[in-house]
Amino acid sequence: MSTVTSADGTTIAFEAYGEGRPLILIDGATAHRAVNPLNAEVGKLLSDGFRTYVYDRRGRGESGDTAPYAIQREIEDIAALIEDAGQPAIVFGWSSGSLLALDAAAAGLPIARLALFEPPVVVDDVRPPLPTDYVEQLDAFVAEGRRDKAAELFMTAAAMMPAEAIPGMKQSPYWAPVEEIAHTISYDGRIMGTTMSGNPLPADRWADVKAPVLVLYGDKTWPALSAGAQAVAAHLPTATLKAIPGENHGTEPATLAPVLREFADLT
């Protein structure tokens, strides 16, 4: 494991795979290195031409956390990784992590290209929007020591799991790690902002993104997620939309790695 120090002094833990052009992989809500092995596998598959950074977002895994939270702090975390790389990076974001990637590019970080997998925006009535007080509810549950309730709210309101599925999920090995980092779910809620409200995407949020953008989605994914990917691609002047055959809100490293390689090699 290696570390960088972010602008506010927070330690950000990462593993780097291979040598070459820097590629930074950003997890979505609740994921980090200990529970998501996909990023490491992608890094290994691309190790012949890329130095792939697989990191724990702040508050998760082996990374630190410093209150109060702000989206800018996570942008500074990415900046620290790019500084370690020593040259402009290709940045890939999963799910809500894709909006963080866009925010980092809009903030002026040296990002050469952006790839986004199923940004979970909601711009129509294909699914219910997030509650307007979603972040406030999450913060209240965590403050009360009820991390299980924060995790439940994420699963039902954001991930659209049926309430009757939650008791079974709580019995699975998956649940304890989610509760452990439940305080960070509101971080992603803040990053999503109004993008899951059912309204059009904010016109100015990513107006300064100039880098080429590849928006990916699985052609077997939920209709809301394909609609979200299409909305983001239509919103960004530099974006290209690409469907991944047979995939849903996740994909195999052996499928993703060549897509990223091809995108990075475009001139």
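Nothing here was measured: the structure is a model prediction, and the numbers come from that model.

Quick notes on the pairing of strand E2 (residues 11–17)
Okay, so step 1: With 4 bridges connecting them, strand E1 (residues 2–5) and E2 associate as antiparallel partners. Directly across from Ser2, in E2, lies its bridge partner Phe14.
Okay, so step 2: The turn joining E1 and E2, which pair antiparallel and follow one another in sequence, is formed by 5 residues; a positive phi near 90° is taken by Gly9.
Okay, so step 3: Where E2 meets strand E4 (residues 50–55), 4 bridges bridge the pair, whose relative direction is antiparallel. By the bridge assignment, Ala16 is partnered in E4 with Tyr53.

Examining the packing of helix H1 (residues 38–45) against helix H10 (residues 253–265)
Okay, so step 1: Relative to each other, H1 and H10 sit at 55°, their axes nearing to 9 Å. What the angle tells us is that H1 and H10 run oblique. Every pair of crossing elements has a handedness; the one defined by H1 and H10 is right-handed. Of H10, the residues touching H1 (which contributes Leu38, Glu41, Val42 and Leu45) are Pro253, Ala254, Leu256, Ala257, Leu260 and Arg261.
Okay, so step 2: Across the contact of H1 with H10, the residue classes tally to 8 nonpolar, no polar and 2 charged.

Concerning the sheet that holds strand E5 (residues 89–94)
Okay, so step 1: The 8 strands lie next to each other as E1-E2-E4-E3-E5-E6-E7-E8, forming an open sheet whose pairing is mixed. The open sheet has two edge strands, E1 and strand E8 (239–244), and neither has a second partner. Adjacent strand axes in the sheet meet at a mean angle of 25° when their direction is disregarded.
Okay, so step 2: Two elements, strand E3 (residues 21–26) and E5, share 4 bridges in a ladder whose sense is parallel. Following the sheet pairing, Leu25 is matched in E5 by Phe92.

A closer look at helix H5 (residues 147–158)
Okay, so step 1: Spanning 12 residues, H5 covers 16 Å between terminal C-alpha atoms, matching the ideal 16 Å at 1.5 Å per step.
Okay, so step 2: When H5 is considered as a whole, its buried residues turn out to be Ala150, Ala151, Glu152, Leu153, Phe154, Met155, Ala157 and Ala158.
Okay, so step 3: Buried residues belonging to H5 abut helix H4 (134–143), helix H6 (166–170), helix H7 (175–180) and helix H8 (185–192).
Okay, so step 4: Positive backbone phi, at 60°, marks Met160, one or two positions downstream of H5.

Examining the pattern of salt bridges
Okay, so step 1: Considering all chains together, one arrives at 19 salt bridges under this definition.
Okay, so step 2: The salt bridge involving Arg51 is made with Glu19; its shortest N-O contact spans 3.4 Å. With a gap of 32 residues between them, Arg51 in strand E4 and Glu19 in the loop between E2 and E3 connect regions that are remote in the sequence.
Okay, so step 3: Assessed through its relative accessible area of 22%, Arg51 is described here as partly exposed.
Okay, so step 4: Given the relative accessible area of 55%, Glu19 is considered exposed.
Okay, so step 5: Lys170 is the partner of Asp148 in a salt bridge, and the nearest nitrogen-oxygen pair spans 4.0 Å. Of the two residues, Asp148 is situated in helix H5 and Lys170 in helix H6; the sequence distance between them amounts to 22 residues.
Okay, so step 6: One continuous salt-bridge network, built from bridges that share partners, spans Glu15, Arg33, Asp56 and Glu62.

Rules used in this analysis
- Residues numbered from 1 in each chain as written.
- Predicted model: local features only at pLDDT ≥ 70, side-chain atom pairs only at ≥ 80, totals over all residues.
- Heavy atoms only, no water.
- Pairing = 2+ DSSP bridges.
- Helix = DSSP H or I, 4+ residues; strand = E, 2+ residues; numbered from the N terminus.
- Axes fitted to C-alpha atoms, helices over the stretch in contact; angles between N-to-C directions.
- Parallel < 35°, antiparallel > 145°, perpendicular 65-115°, else oblique.
- Left-handed = near helix turned anticlockwise from the far one by under 90°.
- Contact = heavy atoms within 4.5 Å.
- Nonpolar A, V, L, I, M, F, W, Y, C, P; charged D, E, K, R; others polar.
- Expected span 1.5 Å × (residues − 1).
- Buried < 20%, exposed > 50% of the residue type's maximum accessible area, 1.4 Å probe, protein only.
- Salt bridge = Lys/Arg side-chain N within 4 Å of Asp/Glu carboxyl O.

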